[in-house]
Each structure stands twice: as structure tokens, then as C-alpha cells.
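The lines below spell out each chain.
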Amino acid sequence: MFNFCTDPSVLDGLAWLSCYLTTGKHLAIYWSIGTVLLLLAITAPVALAFGLGGAMAARSRFLPLSLFGRGYIAIVRGVPDIAFFLFFVIALDQFFEWIRHEVKCPDWDMPIRQGNDFVVCAEAKLPLGNAAQWMHETYGFLLAVLTFSIVFGAFAANVLFGAMRAVPHAQLETAEAYGMTPRQTTWRILIPQMWVYALPGLSNLWMVLIKATPLLFLLGVEDIVYWARELGGAKTARFTDYPHGDWRMWYFLALLVFYLLFTWVSEKVLGRIMRRLTHGQATMGGETQRKAA
């Protein structure tokens, strides 16, 4: 079967461009879009769970737990995101390897810290040195997900903590008057009521999370930013069948369009969720809907 991509004499204009955009390396940038979407799909609920746990801890009447929750919120919010991203990836990796080292190599008699080096036995390495490449990539991705979840979980905790305090106290007192336990009041009254107050802050946090996904590039994950820089750089005929100049501006322009479309769709979806949550609620949004009806 004739393949015009292998015949340079017919490669011109759109034909050349179509062949160029379907090379093996370009398939990698298309797959990396899936990596970004997968990161968001996993990180968003995990970060929300971290945030709910942090907010509940900060609200606890048990002083050590309350201090832990408030400290988690304050520390992460007060440090630049990129510092935490770079710190947590290294710290979590070494922490996991240290645990495996203690379990698998109890007879190890050398110090783990040797100057600037962190040395554990070969059995404790994550992943193992002879592991397949996909395992190394998956492990790095999971570390990135956990790091994103810890950082954005602190911001979510701050939003949820404020939303809990915004729920009218009279509703909680009414629940207690009807004989509900503190646990029942929290899960049947406080948690369902707080979402209408939390969603605006969580919506902004979702937008920030989308814009933070290019940080995967700094964490060693081959995301769309990595491939845009790699593929957009100048290529000579010596190394490729599709030589071109420095096209990084066009690749990053495509990323700009991608993120703008993604945030636009997110705004529409979050707006519909907000209208559904505020329907019938004694809030400004709910009052606006009642008058419009």
C-alpha cells in the first residue's frame, strides 16, 4: 500500500503537516494530554478528601488534633507551591525507601545518610533497578499525584473550614434540640449545608489546579509542557525527516488554547452545579433564583 508520508516528492503543504503531526513522537504529546486529565481526575477527589480531613481536624475540640489541622493549613498556605512540590517529591520518595529499608534490610550496618547522598539497600529502592520503564513512570506519576493532593488539600481545607463556619449556627442548635448527637449533626446538617458556601472557593481552587498541572514538567513527568518544548525546538534534517525551525511559540500557543478551552468548560459545569446547589437555599444565589421564577 502506498504511503505518501514516505515519498518526499509528494510532501507539500498540508500533506507535509499531516505527516509531521502523526509521527511517533507527536503521539506522545497526545498521550500526555491524557496524563494531565488523569492527574486532575485523581488529584481532585483525593485533595478534597485531604481538605475535608484537615477542616474537620481544625474544627475539632481535641486541642492536639485542632492544632494539627490548623498547622497543616497554615504551613502549606504560607510556603510557595513550587517549594512544596520539589520538597515533597524528594521527601516522600526517601520516606518510602527508608521504610522499605528498615523492613527488608534489618542487618544493614552503614549509615543511610552519607554526606549529601541517601543510600539504602538495593532491595529497598523504589522502583527496583531492574523494573520496567513504565513502573518508573507510574511511580513518578503517583508521587506527583500525592504531592498535588497534599498541597491543594491544604487550600481545600481552608475553604471548607470557612464554609463550615458560614453555616447558620441556629441550624446546628436546632439539630441538637431534636436530640441529634454531635456526629449526626455534623454529617446530616453541617456537611450537606456547607457545600453551597464552599463551592465558589472550590471552583477557584479547581481553576488553580488546572493551571498548576504544567508543574508536572518540574517533577520529572513527561507532560504536555515537556513535549511542547521538546518537539517545538529547532530540528535539522540530520536528525529527522521533518526538519523545521524553532516552533516552540506555536506549540505553547496550542497549550494556551487547550487550557483556555478547558477552563471555559469547567466554568460552565461548575456554574450549573452552583445553580443546582443554591436552589431553594437561603443564600443570595437561592434568593435570585426564587425571584427569577
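Scroll up for the structure.
First, a word on scope: everything that follows refers to the structure included in this document.

Conventions and cut-offs
Residues numbered from 1 in each chain as written. Predicted model: local features only at pLDDT ≥ 70, side-chain atom pairs only at ≥ 80, totals over all residues. Heavy atoms only, no water. Patch = residues over 30% accessible without salt bridge, like charges linked within 9 Å, V, L, I, M, F, W, Y side chains within 5 Å. Areas by Shrake-Rupley, 256 points an atom, 1.4 Å probe, with all protein chains shown as cover. Salt bridge = Lys/Arg side-chain N within 4 Å of Asp/Glu carboxyl O. Helix = DSSP H or I, 4+ residues; strand = E, 2+ residues; numbered from the N terminus. Core = buried A, V, L, I, M, F, W, Y, C linked by side-chain atoms within 4.5 Å. Buried < 20%, exposed > 50% of the residue type's maximum accessible area, 1.4 Å probe, protein only. Contact = heavy atoms within 4.5 Å. Disulfide = S-S within 2.5 Å.

### Considerations on a nonpolar patch on the surface
Next up, step 1: Together, Met-249, Trp-250, Leu-253, Leu-256, Val-257, Leu-260 and Leu-261 make up a nonpolar patch on the protein surface, roughly 740 Å² of accessible area in all.
Next up, step 2: Residue position: Leu-260 is located in helix α9 (residues 248-278).

### Overview of the nonpolar core
Next up, step 1: Counting residues in each nonpolar core, the largest one holds 62 residues, and the members touching the most others are Phe-85, Phe-148, Val-151, Phe-152, Leu-160, Met-164 and Met-194.
Next up, step 2: Where this core is concerned, the elements lending two or more residues are α2 (24-59), α3 (63-77), α4 (81-104), α5 (133-166), α6 (169-177), α7 (182-212), α8 (224-232) and α9.
Next up, step 3: With 16 residues, α5 is the largest single contributor of residues to this core.
Next up, step 4: Those residues in contact with Phe-85 that lie beyond four places of it in its chain are Thr-147, Phe-148, Val-151, Phe-152, Leu-215 and Leu-219.
Next up, step 5: Cys-105, Ile-112, Phe-118 and Val-120 belong to the second-largest nonpolar core, a separate cluster that totals 6 residues.

### Quick notes on the environment of Leu-65
Next up, step 1: Topologically, Leu-65 is positioned in helix α3.
Next up, step 2: Placed 11 residues apart in sequence, Leu-65 and Gly-54 show a C-alpha to C-alpha distance of 9.4 Å.
Next up, step 3: Beyond its immediate stretch of four places on either side in the chain, Leu-65 contacts Ala-57 and Ser-60.

### So, the state of the cysteines
Linking two cysteines covalently through their sulfur atoms gives a disulfide.
Next up, step 1: Summed over all chains, the structure comprises 1 disulfide.
Next up, step 2: Put simply, Cys-105 and Cys-121 are joined by a disulfide, and their sulfur atoms are 1.8 Å apart. Between Cys-105 and Cys-121, the S-S dihedral sits near 85°, and the bridge is therefore right-handed. Taken together, the residues span a long stretch of sequence, with Cys-105 in the loop between α4 and β1 (113-114) and Cys-121 in the loop between β2 (117-118) and α5 at a distance of 16 residues.
Next up, step 3: A relative accessible area of 12% means that Cys-105 is categorised as buried.
Next up, step 4: Classification of Cys-121 as buried rests on a relative accessible area of 4%.

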